[in-house]
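Descriptive analysis of the structure
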Amino acid sequence: MVIFAPMRRYEDNYKQKGLRKQLVDNIRQKGITDENVLAAINNIPRHYFLDTAFEGIAYEDRAFPIGEGQTISQPYTVAYQTQLLEVKPFEKVLEIGTGSAYQACVLGELKANVYTIERQKKLFDQVKSFPFKAKYPTIRFFYGDGYEGLPTYAPFDKVLVTAAAPQIPEKLLKQLKPGGKMVIPVGGGDVQRMLRITKTGEDDYEQEIFDDFSFVPMLAGKKG
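Residues numbered from 1 in each chain as written. Predicted model: local features only at pLDDT ≥ 70, side-chain atom pairs only at ≥ 80, totals over all residues. Heavy atoms only, no water.

Brief notes about the overall build of the protein chain
Each helix and strand counted, the protein chain has six helices and nine strands in total. Against the compact-globule benchmark of 17 Å for 224 residues, the protein chain has a radius of gyration of 16 Å, which places it among compact chains. A principal-axis box enclosing the C-alpha atoms of the protein chain has dimensions of 50 × 40 × 35 Å. When the 224 residues of the protein chain are sorted by exposure, 52% land in the buried category. Taking as baseline every contact in the protein chain between residues at least 6 positions apart, the subset at least 24 positions apart corresponds to 57%. Accessible surface, the protein chain: about 10400 Å² in total, of which carbon and sulfur atoms supply 52%. One way to put it: in the protein chain the 30 positive side-chain charges average out to a point 6 Å from where the 28 negative ones average out. (Helix = DSSP H or I, 4+ residues; strand = E, 2+ residues; numbered from the N terminus. Rg over C-alpha atoms; globule rule 2.2 N^0.38 Å. Buried < 20%, exposed > 50% of the residue type's maximum accessible area, 1.4 Å probe, protein only. Contact = heavy atoms within 4.5 Å. Areas by Shrake-Rupley, 256 points an atom, 1.4 Å probe, with all protein chains shown as cover. Lys, Arg positive; Asp, Glu negative; His and termini not counted. Charge placed at Lys NZ, Arg CZ, Asp CG, Glu CD.)

Here it is as structure tokens:
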């Protein structure tokens, strides 16, 4: 599946903006309270990140396939993880799993300095040619293994993992600053528990447990 057609025209009309506002109202009713996160969702044309075949349903609150066995996450899930991350302007955020780049752009809309890794070379290349990402010069894109993180650019204020990890990756914990936070879905099978981990010392962490979600699995290595 091709996400971004080379000659595609990107338009954000009144109907799409109205559907986006309805989406924001929907996820607010589901419990998202951070107005900055809601504003970011409202400001980003989600239909740009999907194949044109999905444009008519892009603002339904559900995940859609983007190719290579990956999905663009449900907007509620994106808002939920972002709210837990408590992003502040100019913080360094490491994102594991670029996918369509929708989550990265939400972080960019919050004025974070985003370092995002994608292990699927086809998805990485498609995002490189996606014109909308030029709106967010604070996002840097990397092709690599999410389990390794980006030690060259560490430490990070925040780490966001957008795939299901069987356990918390130690290397990503090490790349957090003291006081930094990681939000990650953990668990095998079809359902994972959302965790927020705060680094309280060099090797000390506090863990908070939140709701259950369903993510694609976090895989090691790179796929060409």
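Some thoughts on the nonpolar core
Membership of the largest hydrophobic core comes to 47 residues, with the highest contact counts inside it found for I27, I41, I44, F49, Y102 and F132. Among the elements that take part in this core, helix α3 (residues 75–85) stands out by supplying six residues, more than any other. Formed by 22 residues, the second largest nonpolar core is a distinct cluster that contains I96, L176, M182 and M218. (Core = buried A, V, L, I, M, F, W, Y, C linked by side-chain atoms within 4.5 Å.)

What about the confidence of the model for the protein chain?
Per-residue pLDDT for the protein chain has a mean of 93; in total, 97% of the residues score no lower than 70. In this model, residues 1–6 is a region of pLDDT below 50 whose contacts with residues beyond four sequence positions or in other chains number 22 contacts. (pLDDT = per-residue confidence, 0-100.)

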